[in-house]
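What follows is the residue order along each chain.
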Amino acid sequence: MIKVGIIGVTGYAGQQLLALLIRHKEVKIEFISSNSYHEKNVSEVYCNYKKYFDKKMISQKEAEKSLKEIDVLFIALPHGLSENITKLALENEVKVIDLGADFRLDSSAEYEKWYGVKHLYPKINQEAIYGLPELNSEKIKISRLIASPGCYPTSIILALAPLLSRQLVIENSIIIDSKSGVSGAGRSLKIESLFAEVNENFKAYSLFKHRHTPEIEQELGKIAKNDVSILFTPHLIPINRGILSTIYIDLKQKLSEEEIYSIYNEFYKDAYFIRINNTLPEIKNVKNTNICEIGIRVDIERKKVIIVSVIDNLIKGAGGQAIQSMNIMFGLDEKEGLEYLSMYL
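Basis of the calculations
- Residues numbered from 1 in each chain as written.
- Predicted model: local features only at pLDDT ≥ 70, side-chain atom pairs only at ≥ 80, totals over all residues.
- Heavy atoms only, no water.
- UniProt positions renumbered as here; feature names shortened; annotations may be inferred.
- Core = buried A, V, L, I, M, F, W, Y, C linked by side-chain atoms within 4.5 Å.
- Buried < 20%, exposed > 50% of the residue type's maximum accessible area, 1.4 Å probe, protein only.
- Contact = heavy atoms within 4.5 Å.
- Helix = DSSP H or I, 4+ residues; strand = E, 2+ residues; numbered from the N terminus.
- Pairing = 2+ DSSP bridges.
- Axes fitted to C-alpha atoms, helices over the stretch in contact; angles between N-to-C directions.
- Parallel < 35°, antiparallel > 145°, perpendicular 65-115°, else oblique.
- Nonpolar A, V, L, I, M, F, W, Y, C, P; charged D, E, K, R; others polar.
- Phe/Tyr/Trp six-rings, centres within 6.5 Å; stacked < 30°, edge-to-face > 60°.
- Lys NZ or Arg CZ within 6 Å of the ring centre and 35° of its normal.
- Salt bridge = Lys/Arg side-chain N within 4 Å of Asp/Glu carboxyl O.

Looking at an unreviewed UniProt entry, the chain carries the name N-acetyl-gamma-glutamyl-phosphate reductase, with the source organism given as Fusobacterium necrogenes. Looking at the Pathway (unreviewed entry) heading of the UniProt record, one finds this comment for the chain: "Amino-acid biosynthesis; L-arginine biosynthesis; N(2)-acetyl-L-ornithine from L-glutamate: step 3/4." Under Subcellular location (unreviewed entry), UniProt gives the following word-for-word description of the chain: "Cytoplasm".

### With respect to the nonpolar core
Residues Leu163, Ile174, Ile249 and Ile307 are the most contacted members of the largest nonpolar core, which totals 43 residues. Setting aside residues no more than four positions away along its own chain, isoleucine 249 makes contact with Leu160, Leu163, Val169, Ser173, Ile174, Lys303, Lys304, Val305 and Ile307.

### A closer look at the UniProt feature "domain: Semialdehyde dehydrogenase NAD-binding" (unreviewed entry) in the chain
Listed under "domain: Semialdehyde dehydrogenase NAD-binding" (unreviewed entry) in the UniProt record, and renumbered for this structure, are residues 3-143. Within residues 3-143, the helical portion is 38% and the strand portion 16%, while the C-alpha atoms at the span's ends are 17 Å from each other.

### Examining the sheet that holds strand E11 (residues 274-276)
Backbone-to-backbone hydrogen bonds pair the strands of a sheet. The strands run either parallel or antiparallel. Strand order across the open sheet formed by seven strands is E8-E9-E7-E10-E13-E12-E11, with mixed pairing between neighbours. In this open sheet, the two edge strands, each paired with only one partner strand, are strand E8 (203-204) and E11. Contacts from helix H11 (residues 257-267) reach E11, strand E12 (292-299) and strand E13 (304-311), with the element oriented near 155° to E12.

### Remarks on the packing of helix H8 (residues 151-165) against H11
Across the interface, H8 lies against H11 with an axial gap of 10 Å and an inter-helix angle of 105°. Classified by the angle between their axes, H8 and H11 sit roughly perpendicular to one another. Here Ala159, Leu160, Ala161, Pro162, Leu163 and Ser165 of H8 come into contact with H11, specifically with Ile260, Ile263, Tyr264 and Phe267. Here the contact of H8 with H11 is built from residues that sort into nine nonpolar, one polar and no charged.

### Structural notes on the packing of aromatic side chains
On inspection of all chains with the given rule, the structure shows five aromatic pairs. Ring centres of tyrosine 272 and phenylalanine 273 lie 5.0 Å apart, and the angle between their planes is 90°; this geometry places the pair in the edge-to-face category. Here tyrosine 272 falls in the partly exposed class, since its relative accessible area comes to 45%. One residue, lysine 95, lies across the ring of phenylalanine 330, its end atom 5.9 Å from the ring centre. For lysine 335, the ring lying beneath its charged end belongs to tyrosine 272, and the centroid distance is 5.1 Å.

### What about the pattern of salt bridges?
The final tally for this structure, using the stated rule, is 19 salt bridges. The salt bridge involving glutamate 91 is made with lysine 87; its shortest N-O contact spans 2.6 Å. You can see glutamate 91 and its partner lysine 87 sitting in helix H4 (residues 83-91), four residues apart, about one turn around the helix. Here glutamate 257 ties to arginine 297 by a salt bridge, and the two come within 4.0 Å at their closest N and O atoms. Taken together, the residues span a long stretch of sequence, with glutamate 257 in helix H11 and arginine 297 in strand E12 at a distance of 40 residues. Overall, the relative accessible area of 25% leaves glutamate 257 in the partly exposed class. Exposure remark for arginine 297: the relative accessible area of 31% places this residue in the partly exposed category.

Structure, rendered in structure tokens:
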């Protein structure tokens, strides 16, 4: 059994992670931690756990004293809060999977620029592996620190990787229009997340300054083996969960829709959680699953491609993908604990 601890269990990503780990047959949850609700039972905060998983939450200080009891620590905290506990965990030979942003950017200077926080331990940051299993599984296998990707980047990078890896895309032509459910904003109290603000509304936000931009450009650049510049516009839509990204690109040569679908099917032939669809993806096709669904349309003469991808932001974009990385780290089938299809409605 893999002995697990969770820091930040009461955020939306943390509770989704917990819900999945409870059903994982190779996992034993040793402790769950919440600074806001420590000493309370998790079922007092999320009543869906009542009777079936009643476990008291502990503070982070208590969790730090319990690190020797676990094999892997999941951290689901806001940016700037993961470094100290990660350092302690690694010193205690505990693997770490961070669902936050602290280790996603290779450059500490870029991290400070976009997040306004300095890396306390830049060497730890350099050790982190970007936890996108479909692209980095071999590195994940031997890593002890995983930086789990952001939800928007997951939907975008997976959609673009097959064409960028073949250097078929004009790198500065990429325009991304992404729409996310409200849970992507987290569980903290914000005026813009209130029901009356979100319901019957649809808006763009953080134009030219969304913090996922450097993460997306960094990872796309690695795939393309060249600098990649994107135009990324995120939107908020009045649903609880899900992301739909519509991506517009220019090709370097004429390719038919059939040829591009062939490239995608070949690239992802061994990727269980990627579904290439001839019809255009919809959020309800993947809600409550670890699946990323991708569809493509092509204008041959103008050498333009539109790619649509959908994910569940709390599963493939957070807790599920983190568990997928854990499975790989510990030599399990990456599907373990994650084989769920959407209920559709």
